[in-house]
Amino acid sequence: MTYSLIAERLTKRYGDVAALDEFDLAVRAGSIHGLLGPNGAGKSTVVRAFSTLIDVDSGSATVAGHDTRTAPASVRRSIGLIGQSPAVDEILGGRQNLMMFGRLFGLGRDAARSRADELLDRFGLTEAGSRPVSGYSGGMRRRLDIAAGLILTPAVLFLDEPTTGLDPRGRSEVWATIRQIAEAGTTVLLTTQYLDEADQLADTITVMNAGRVVASGTPDELKRQLGADRVVVTVKDAADIDRVAASVRIDREPVIDLASLTVTVESPAGAAGLLRAVRALDAAGIEPEDLALRRPTLDDVFLSLTRKENA
Amino acid sequence: MTTPPAPSPALRNAWILTQRELLHWVRQPALPIFGLLFSIMLLLMFAFLFGGAIAVPGGGDYVTFLLPGMFTLTMLFGLEGTLQAMSTDAAKGITDRFRSMPIGSSAVALGRSGADLASSILNLAVLMGGGLLIGWRITSDVGSALLAVLLLLWLRFSLLWIGIFLGLIFRGPGATMAVQVLIWPIGFLSNVFVSPETMPGWLGAIAQWNPISATATATRQLFGNPTGVTSGWMADGGVLLAVAWPLALTLVFLPLSARAYRRLRR
């Protein structure tokens, strides 16, 4: 099995704060890996270390077989970096941007032009190609930004929170683009704060917090790790919520959410748990607004992992 | 996967980055045009509004005294452009994109020099044209005049490194604001508009030692314009000083810029 990205015990300190604390990662070639974590977890630092923007204090990072410390130039020829804000020239047009970056990547003028046209076409920007980028929508800007990272068809593409600040439409455009890129064989490392984004796109996920790996695996593995289905009771009246919680407290502690008037309790027994909840509520004489059994989501995984971590 | 082409030499990449600036002019001509209008306005203001009240020590026409000073001041004001371009690229993540690409830091710096020198040449050309219209003349020979232009660009080149350095160590629009404010006293506390010989002693000394004054005096001498200098080392050593000052600035700020660029990796 080949890995396009390997990090071994990466450590990076800023003063007393460890941005990365013996961080390990292995991403299989051609897959999409999601790096998930709250703000300040160290996600961007991982990307910056892999893309040779920063030196780490210790540990090693390898990109497409090249060590970032000993062969940074080879790393730079193997990657595309898409940072947190679209790094494109606002005054130039889309085609001019791609041509400039193409020529900086070493393409001749004609090759750069035809590559630019190819990428504009692929990302649906042909029509906007000669307009200045300052007039682009957020989604268009992001797609151009991603296109600029794909000029040499890199072995690895880094996307640092690519959909932050985009509207739902822009988001789904970018998701489609990322899927396309991975299908073409490029390994993608994606950082995100959005669990559904990782769930939708990633083959494997690393959850990180305070510079360390908290959990890793496929989305399904992570959900299974948390195991149980959940029984969710929605009450009619906030006054009932404590009574409901008391009656469904079978062998797990329920989670009360006053905003949505729900009581959620893990049910290791699956549907049997739902049945028990119905009986308990009936015995207590409470008629719920709604009663449901749901599979754990990545949100649950994330919350439980980071809660454990911060405890 | 396409085979990555061989790494390109720094000069080729620098030229590509210079072209980026030229494309900016074509795409958004309003900005350079306003810059030029501002220079012209300043020129006319001093030539006609204040000029009548200013006497040049040692004699000579004020407009012909003023023009080389204005050329020099334009080089100083160019510093703002460098800083602005640097901080915009840093804020947009373009600096990081360049750093993640197989192009050297020297190409990025040389590209910035190319772009800024190009805009300075344009500025100089327009000011010279304006100067000729209001009576400024070159009374020396072609060689001296060319040397004067080279000295002006040499000053601009040295200030470039100050702009790059400040752009790398101060992030955000605050730094640009600070420079915009500070650049005025630095520009005015020189012999650009009036001869230091007319100032109180201590102020005149500061103005005389200002690197801007060295280039202004040297270009006045080389264009055959009145210098406003009647005695002292400035009268003889103008050209030498106009070579030495920018050299000293470059020797200090080029390594500092390179260091600041490396420190981005921290």
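Please read these numbers as outputs of a predicted model, since none were measured by experiment.

Calculation rules
Residues numbered from 1 in each chain as written. Chains lettered and ligands numbered in written order. Predicted model: local features only at pLDDT ≥ 70, side-chain atom pairs only at ≥ 80, totals over all residues. Helix = DSSP H or I, 4+ residues; strand = E, 2+ residues; numbered from the N terminus. Buried ≥ 20, exposed ≤ 12 C-beta atoms within 10 Å, placed from the backbone. Contact = placed C-beta atoms within 7 Å. Nonpolar A, V, L, I, M, F, W, Y, C, P; charged D, E, K, R; others polar. Pairing = 2+ DSSP bridges. Axes fitted to C-alpha atoms, helices over the stretch in contact; angles between N-to-C directions. Domains from an automatic or database assignment. Parallel < 35°, antiparallel > 145°, perpendicular 65-115°, else oblique. Left-handed = near helix turned anticlockwise from the far one by under 90°. Expected span 1.5 Å × (residues − 1).

Q: Would you take a moment to explain the overall build of chain A for this structure?
A: A count of helices and strands for chain A gives 11 helices and 14 strands. Projected onto its principal axes, the C-alpha positions of chain A cover 80 × 45 × 35 Å. A buried classification covers 49% of the 311 residues belonging to chain A. Considering only residue pairs separated by 6 or more positions, chain A has 68% of its internal contacts joining residues 24 or more positions apart.

Q: Is there a simple way to think about the interface of chain B and chain A in this case?
A: By a widespread convention, an interface's size corresponds to the accessible area lost as its parts come together. Contacts between the two partners involve 26 residues from chain B and, on the opposite side, 28 residues from chain A. Among the secondary structure elements, those contributing two or more residues to the side of chain B that touches chain A are helix H1 (10–27) and helix H4 (94–100) of chain B. Per-element tally for the side of chain B that touches chain A: the top contributor is H1 of chain B, with six residues. Its residues assigned to classes, the side of chain B that touches chain A comprises 11 nonpolar, seven polar and eight charged.

Q: I keep staring at the environment of Gly-129 of chain A and nothing clicks. Help me out?
A: Residues and elements named next belong to chain A. Take Gly-129: it is sitting in the loop between helix H4 (109–122) and helix H5 (138–148). On the basis of neighbour count, Gly-129 is assigned to the partly exposed category, with 18 C-beta atoms found within 10 Å. For the pair Gly-129 and Leu-144, spaced 15 residues apart in sequence, the C-alpha separation works out to 9.5 Å. Sequence-distant contacts of Gly-129, defined by excluding residues within four places in its chain, comprise Gly-93, Gly-94, Arg-95 and Leu-120.

Q: What am I meant to see in the sheet that holds strand E14 (residues 290–294) of chain A here?
A: Strand pairing within a sheet occurs via backbone hydrogen bonds; the two strands may be parallel or antiparallel. Residue and element names in this part refer to chain A. Pairing within the open sheet is antiparallel, and its four strands lie in the order E12-E13-E11-E14. At either end of the open sheet lies a strand with only one pairing partner, and these are strand E12 (255–257) and E14. The average undirected angle you get between the axes of adjacent strands in this sheet is 20°. For strand E11 (residues 229–234) and E14, the ladder comprises five bridges, and the chain directions are antiparallel. By the bridge assignment, Val-232 is partnered in E14 with Ala-292.

Q: Explanation requested: helix H3 (residues 94–104) of chain A in the structure shown.
A: One full turn of an α-helix is made of 3.6 residues, so residues set three or four places apart face in the same direction. In terms of burial, H3 of chain A is largely enclosed, as 11 of its 11 residues are buried. For H3 of chain A, the complete set of buried residues consists of Gly-94, Arg-95, Gln-96, Asn-97, Leu-98, Met-99, Met-100, Phe-101, Gly-102, Arg-103 and Leu-104 of chain A. Looking at the buried residues of H3 of chain A, the elements they touch are H4 and H5 of chain A together with H1 of chain B. Of the residues one or two after H3 of chain A, Gly-106 of chain A is the one with positive phi, at around 105°.

Q: Before we go on, may I ask you to explain the sheet that holds strand E4 (residues 58–63) of chain A in this structure?
A: Residues and elements named next belong to chain A. With antiparallel pairing, the four strands of this open sheet are ordered in space as E2-E1-E4-E5. Only two strands of the sheet have a single neighbouring strand rather than two, namely strand E2 (17–28) and strand E5 (66–67). Note that strand E1 (residues 3–14) and E4 share five bridges and pair antiparallel. The residue bridging Ile-6 from the neighbouring strand is Thr-62, located in E4. Sheet strands in contact with helix H1 (residues 43–50) are E1, E2 and E4, and its direction is about 115° off that of E1.

Q: What is the right way to read the domain arrangement of chain A from this model?
A: Along its sequence, chain A is carved into domain 1 (3–223) and domain 2 (228–295). A separation of 42 Å is found between the C-alpha centroids of domain 1 of chain A and domain 2 of chain A.

Q: Can you walk me through the packing of helix H5 (residues 105–133) of chain B against helix H6 (residues 142–169) of chain B in this structure?
A: The axes of two packed helices give the description: the angle between them and the distance between them. Residue and element names in this part refer to chain B. Contact geometry for H5 and H6: axes closest at 10 Å, N-to-C directions at 135°. With respect to their mutual orientation, H5 and H6 come out oblique. Crossing handedness for the pair H5 and H6: right-handed. Here Ala-109, Arg-112, Ser-113, Asp-116, Leu-117, Ser-120 and Leu-124 of H5 lie close against H6, whose contacting residues are Val-149, Leu-152, Leu-153, Arg-156, Phe-157, Leu-160 and Ile-164. Grouping the amino acids of the contact of H5 with H6 by side-chain chemistry returns nine nonpolar, two polar and three charged.

Q: What am I meant to see in the pairing of strand E3 (residues 32–36) of chain A here?
A: Walk down a regular strand and you will see the side chains alternate between the two sheet faces. Residues and elements named next belong to chain A. Within E3, five of the five residues are buried, leaving the element largely enclosed by the surrounding structure. On E3, burial covers both faces: Ile-32, Gly-34 and Leu-36 on one face and His-33 and Leu-35 on the other are all buried. Here five bridges tie E3 to strand E8 (residues 187–192), and the two strands are oriented parallel to one another. Bridged to Leu-36 within E8 is Thr-192. The pairing of E3 with strand E9 (residues 204–209) spans four bridges and is parallel. The residue bridging Gly-34 from the neighbouring strand is Ile-205, located in E9.

Q: Would you mind going over helix H9 (residues 211–223) of chain B with me for this structure?
A: Spanning 13 residues, H9 of chain B covers 19 Å between terminal C-alpha atoms, matching the ideal 18 Å at 1.5 Å per step. Positive backbone phi, at 75°, marks Gly-224 of chain B, one or two positions downstream of H9 of chain B.

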